[in-house]
Amino acid sequence: MTGVRAPINAVSRQPFDVCIVGAGIIGLSLARAVSERWPKASIVVLEQNAGIGQETSSRNSEVIHAGLYYPPGSLKSRLCVRGNALLYEYCAQHYIPHQRLGKLIVAQAGEEAALENVLASAQACGVASLRSLTKAEISALEPRLQSAAALWSPDTGIVDSHALMQRLQQEAEQNGALIAPHSRFLAAHCQGPGVFDVDVDAGDTAGGDSEPFRLRCRMLINCAGLAAHQVAGAISGIDKSLIPERHLVKGHYFALSGRSPFRHLIYPVPDASHRGLGIHATLDLAGQCRFGPDIEPITDVDYTVDESRKSAFADAIRRYYPALDETRLHADYAGIRPRLGSAYADFMIQDEYVHGCPGLIQLFGIESPGLTASLALAELVTLKLQDQAPL
Ligand SMILES: Cc1cc2nc3c(=O)[nH]c(=O)nc-3n(C[C@H](O)[C@H](O)[C@H](O)COP(=O)(O)OP(=O)(O)OC[C@H]3O[C@@H](n4cnc5c(N)ncnc54)[C@H](O)[C@@H]3O)c2cc1C
């Protein structure tokens, strides 16, 4: 991503109303929402990297999910459904490249019951647009697809996540927020209700101080994605036993060179253990087809993609696309989910009512559908800020 700017210690040492840790899609959505809601608030977003959105927010499928798979009433379900509507509206208003392509969820012989479960779950979550397709409709939509049955989700689409983040950054900055790259959160000390001293390292920029410095803020929001647990562990005065267990789960992608065999997104029936949505086919906005992600539990952040995974990918893809030419598959990129628990777990938002520290909000486990849910999540956190300590 672009966006290299002056380090924060060269710009401002004033107390801030709000300090957001992490300039991924969530931190940026929040900076925009808070700066819009409270135009006079001073807001800083600390980002350890040289630019915005270089971690999970630029290492995903870029799919605008419709909210089909999550338990009714869960945060993932509610924020995905609301986020889907908000995101399409935002993209249209701000000319952000996106397409409401639609997706097929395909079952092979013997898997039909799993499709029924997806349909029932989506309906329970208020997603009325999902429906079954006839054989003739499946062939008309995707002639190269092999399936015994399929569902059609017209509200699933794709978005240019980079353009989206750049626009959110631009809006937040126009509203006066300061997005500070090369600014690594080190620790925070709660000095009383709504008073935090935050230690920041801006030392690795050319010409920047090598000494960490301290800023003060009234509200502190932890949107550090994969590192949310480390950030939480470095905030003094909160009960560390509240920090949930984190499991890193890596997902690899393989790109298909040449013309895409599909015009829509193709998903197999989801893994019954809720560990993932299966190796699916997505398209980018240029029409290029890629497959993924798979699931690999890991202990350290490592984004390499091993070409030796190709045959496992090919086996999974051939279940719904038997004509796959494996020589057209190439290792592409990988992303990492910060999962809470070994199977399904909801997003977790901890506020004063959980940890007893006014002014602090922490977000954990913001895995898929976090991109889709981003604007809705920002809306919810903004309401919580208003409730906790009015700006
Ligand atoms: C393989 C995969 C596929 C996915 N596909 C989809 C999809 O198709 N649709 C969908 O809706 N969602 C999808 N998701 C989920 C989505 O990508 C994430 O939920 C979302 O990007 C999380 O955004 P974030 O801002 O919380 O995290 P991040 O993008 O990781 O941002 C956190 C930021 O915090 C910064 N940071 C960390 N520690 C510090 C520190 N100490 N000081 C300063 N900054 C710090 C990091 O550098 C980073 O920029 C997918 C996720 C994965 C892994």
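In this text, all values refer to a predicted model and were calculated from it rather than measured experimentally.

A. Structural context of the packing of helix α1 (residues 25-37) against helix α5 (residues 161-174). Packing of α1 against α5 leaves a shortest axis separation of 8 Å and a crossing angle of 35 degrees. Every pair of crossing elements has a handedness; the one defined by α1 and α5 is left-handed. Across the interface between the two elements, Ile25, Leu28, Ser29, Ala31, Arg32 and Ser35 from α1 touch Ser161, Met165, Leu168, Gln169, Glu171 and Ala172 from α5. Here the contact of α1 with α5 is composed, by residue class, of 6 nonpolar, 4 polar and 2 charged.

B. Structural context of the nonpolar core. Ranked by size, the top nonpolar core spans 108 residues in total, and within it Cys19, Ile20, Leu30, Ala31 and Ile221 carry the most contacts. At 9 residues, the largest contribution of residues to this core is made by helix α9 (residues 370-388). Inspection of this core shows a minimum of three residues originating in each of domain 1 (8-58 + 162-245 + 345-388) and domain 2 (103-154 + 247-339). Ignoring sequence-local partners within four residues, the contact set of isoleucine 221 consists of Val18, Ile20, Val21, Leu30, Ile361 and Val381.

C. Focus on the confidence of the model for the chain. Looking at the chain, the pLDDT average stands at 92 and 93% of residues meet or exceed 70. Within the model, the stretch residues 1-7 combines pLDDT values under 50 with 23 contacts to residues more than four positions away or in other chains.

D. Structural detail: unusual backbone geometry. Here the amide bond leading from glycine 292 into proline 293 is cis, since omega sits at -10 degrees, within 30 degrees of zero. With respect to the element layout, proline 293 can be found in the loop between β17 (289-292) and β18 (296-298). In this structure, proline 369 follows serine 368 across a cis peptide bond, with omega equal to 10 degrees. Inspection of the secondary structure puts proline 369 in the loop between β21 (360-364) and α9. At tyrosine 95, a position not held by glycine, the phi torsion is positive, near 55 degrees. Relative to the assigned elements, tyrosine 95 resides in the loop between α2 (75-93) and β4 (98-99).

E. Summary view of the domain arrangement of the chain. Looking at the chain, the domain boundaries give domain 1 (8-58 + 162-245 + 345-388) and domain 2 (103-154 + 247-339). Between the C-alpha centres of domain 1 and domain 2 the distance comes to 33 Å. Facing the 9 residues of domain 1 at the interface are 7 residues of domain 2. Of the residues that constitute the side of domain 1 that touches domain 2, the class distribution is 4 nonpolar, 4 polar and 1 charged.

F. Structural detail: the pairing of strand β12 (residues 213-222). Within β12, 7 of the 10 residues are buried, leaving the element largely enclosed by the surrounding structure. Summarising the sheet, strand β1 (residues 16-21) and β12 pair through 5 bridges and their orientation is parallel. Bridged to phenylalanine 16 within β12 is cysteine 217. Strand direction decides the pairing type here: strand β11 (residues 195-201) and β12, joined by 5 bridges, are antiparallel. Bridge pairing in β12 links aspartate 199 to arginine 214.

G. Region of the structure containing the site of the ligand. Neighbouring the ligand are 41 residues, the closest being Gly22, Gly24, Asn60, Gly225 and Gly370. Breaking the shell around the ligand down by element, the ones donating at least two residues are α1, β10 (184-192), β19 (329-339) and α9. Its residues placed into classes, the shell around the ligand shows 17 nonpolar, 18 polar and 6 charged. Domain assignment of the residues forming the shell around the ligand places at least three in each of domain 1 (8-58 + 162-245 + 345-388) and domain 2 (103-154 + 247-339).

What counts as what
Residues numbered from 1 in each chain as written. Predicted model: local features only at pLDDT ≥ 70, side-chain atom pairs only at ≥ 80, totals over all residues. Axes fitted to C-alpha atoms, helices over the stretch in contact; angles between N-to-C directions. Helix = DSSP H or I, 4+ residues; strand = E, 2+ residues; numbered from the N terminus. Left-handed = near helix turned anticlockwise from the far one by under 90°. Contact = placed C-beta atoms within 7 Å. Nonpolar A, V, L, I, M, F, W, Y, C, P; charged D, E, K, R; others polar. Core = buried A, V, L, I, M, F, W, Y, C linked by C-beta atoms within 7 Å. Buried ≥ 20, exposed ≤ 12 C-beta atoms within 10 Å, placed from the backbone. Domains from an automatic or database assignment. pLDDT = per-residue confidence, 0-100. Pairing = 2+ DSSP bridges. Near = placed C-beta within 6 Å.

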